[in-house]
Amino acid sequence: MHVVREVTDQLTWIGANDHRLTLFENIHPIPEGVSYNSYVLTGEKTVLFDTVDWDACRQMLENLEYVLDGRDLDYIVVNHWEPDHAASLQEVITKYPNAQIIGNTKGFQLAEQFGFQIDEDKKIVVNEGDVIDVGDHKLTFLFMPMVHWPEAMVTLDLTNGALFSADAFGSFKALDGKLFNDEVNYDRDWLDENRRYLTNIVGKYGPHIRKILKKAEPVLDQIKFICPLHGLVWRNDFGYLLDKYNHWASYEPEEKGVTIVYASMYGNTEQAAQALAAKLCELGVENVDVFDVSNTHVSYLIAEVFKKSHLVLASCTYNLGIFPVMLSFLEDMKALNVQNRTVAVIENGSWAIRSGDLISEFLDEQMKTMTVLNDRLTIASRLKDGQEEELDGLALSIKESMRG
Ligand SMILES: Cc1cc2nc3c(=O)[nH]c(=O)nc-3n(C[C@H](O)[C@H](O)[C@H](O)COP(=O)(O)O)c2cc1C
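Calculation notes
- Residues numbered from 1 in each chain as written.
- Predicted model: local features only at pLDDT ≥ 70, side-chain atom pairs only at ≥ 80, totals over all residues.
- Helix = DSSP H or I, 4+ residues; strand = E, 2+ residues; numbered from the N terminus.
- Buried ≥ 20, exposed ≤ 12 C-beta atoms within 10 Å, placed from the backbone.
- Contact = placed C-beta atoms within 7 Å.
- Near = placed C-beta within 6 Å.
- Nonpolar A, V, L, I, M, F, W, Y, C, P; charged D, E, K, R; others polar.
- Pairing = 2+ DSSP bridges.
- Axes fitted to C-alpha atoms, helices over the stretch in contact; angles between N-to-C directions.
- Domains from an automatic or database assignment.

A. Structural context of the overall build of the protein chain. A count of helices and strands for the protein chain gives 13 helices and 23 strands. Its C-alpha atoms put the protein chain at 80 × 40 × 35 Å along the principal axes. The 404 residues of the protein chain split such that 44% are buried. Contacts spanning at least 24 positions in sequence make up 73% of the contacts within the protein chain whose residues lie at least 6 apart.

B. View of the site of the ligand. By nearness alone, 19 residues border the ligand, and Met-265, Tyr-266, Asn-268, Thr-269 and Gly-349 come closest of all. When residues of the shell around the ligand are traced back to their parent elements, those giving at least two are α9 (268-282), β19 (308-318) and β21 (339-349). Per-class residue counts for the shell around the ligand are eight nonpolar, 10 polar and one charged.

C. Seen up close, the sheet that holds strand β15 (residues 162-164). Strand order in the open sheet formed by five strands is β12-β13-β14-β15-β16, and the pairing between neighbours is mixed. Either end of the sheet is taken by a strand with one partner, and the two such strands are β12 (131-134) and β16 (225-227). Averaged over all adjacent pairs, the angle separating strand axes in this sheet is 25 degrees, with direction ignored. One ladder, built from three bridges, connects strand β14 (residues 153-157) with β15; its direction is antiparallel. Within the sheet, the bridge partner assigned to Asp-157 lies in β15 and is Ala-162.

D. View of the pairing of strand β23 (residues 377-380). Residue alternation in β23 divides its side chains into a buried set, Leu-377 and Ile-379, and an unburied set, Thr-378 and Ala-380. Pairing geometry for β21 and β23, over four bridges, is parallel. Considered in β23, the bridge of Gly-349 is made with Ala-380.

E. Representation of the domain arrangement of the protein chain in the model. When cut into domains, the protein chain gives domain 1 (5-250) and domain 2 (259-401). The interface of domain 1 with domain 2 comprises 11 residues on the first partner and 10 residues on the second. For the side of domain 1 that touches domain 2, the elements supplying multiple residues, two or more each, are β5 (28-29) and α6 (191-202). Element by element, the count of residues in the side of domain 1 that touches domain 2 is highest for α6, at five residues. Split into classes, the residues belonging to the side of domain 1 that touches domain 2 amount to two nonpolar, five polar and four charged.

F. Spotlight on the sheet that holds strand β1 (residues 5-8). The strand order β1-β2-β7-β8-β9-β10-β11 describes an open sheet built from seven strands, whose pairing is mixed. Of all strands in the sheet, those bounded by a partner on one side alone are β1 and β11 (123-125). Mean inter-strand twist for the sheet, computed between neighbouring axes without regard to direction, equals 25 degrees. One ladder, built from three bridges, connects strand β8 (residues 46-49) with strand β9 (residues 75-77); its direction is parallel. Bridge assignment links Leu-48 to a residue of β9, and that residue is Ile-76. On top of the sheet, helix α1 (residues 57-68) reaches β2 (11-13), β7 (39-42) and β8; it is set at about 15 degrees to β7, its chief contact.

G. Spotlight on unusual backbone geometry. Along the chain, Val-147 connects to His-148 via a cis peptide bond; the corresponding omega equals 25 degrees. Note on placement: His-148 falls in the loop between β13 (137-143) and β14. Here the phi dihedral of Asp-237 falls at roughly 60 degrees; this positive angle occurs in a residue that is not glycine. Following the sequence through the fold, Asp-237 ends up in the loop between β16 and α8 (238-250).

In structure tokens form, the structure reads like this:
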């Protein structure tokens, strides 16, 4: 049975939802699933925009056959050759051997590497800014290297205003019947997963995202639909979405708030993290959240850090080093280019307390523009009642630094 949704006249979503995959890219948990989006245009010519992951191939082929309704497939535009979108291409080519494949040079190189069999005479190689006619529709192409692979491009249908944005504007979370941004409560149900997708998948490439947003400025008024390869299709409120992307891509926090992440084996560092959270809330600081680094998947922590202005890292010492899971979190933040945050440090140890110095060194030397507050809290095994003043001082210093 086909499962399709009409995007606009002659343009249909023919993707599929995946609730079976537990780890996206075999790293990131997706408890709410994911969608692989593929779209087909049925104008004078028929055009397929990207395909789907292997897991969704059967559903997409059934959808495609239904929408084509006996017609042949004339073109396939491949904006992004990552296997979660291109894996099913070979199946489509086998079923519709007359289709011409539109892509760029780097894309066709990747196609070869991944073992796709595409006849040379079926390839249409496009360059940035090219405009080509596919029947009564005109398509143009903008390249967006490293969002999220080097060959990635977006295609704008100049006739109906549909922007096929590849992984840009994509999100975790299955669609489950919905398709458009205005069919859901985005802030309540989608924003967190959208942020977690963007920050973890392409967080590292903020400058590239900013570049493509700038490049797209001249055509923004022609865009009526943003059709990404995962998640919702946007048909209004573009300003809101672009504002979010501008924050994420510029490493600017969306909100004032404090994310407290602790690493604790026996609960003493955890207690200090909780005590600080209580002090902050008592001082009227809003938006305080506490996470155990050992049992919160790092993708959630990364999204938190992108969202909020302040971070507290509380870690016990482990073999004269930072607790390994906390170190791994620091390395992930560095890899994803996290910057411009204010950080407070709590350290703990029983005989040679090193975690505070090492965390501060990491933030200063390996990351960009991370401001470490001077008031570090040092715990020798367990926070003492006599240290309440120090705790108050740290809470106050965080609150003060949130002003302005
Ligand atoms: C394998 C292991 C290595 C440790 N290495 C150090 C160390 O190098 N220096 C130190 O001061 N404490 C070290 N500790 C002790 C803990 O850091 C210390 O007991 C701390 O208070 C534990 O905090 P927690 O209750 O939050 O887990 C180590 C503990 C373990 C289990």
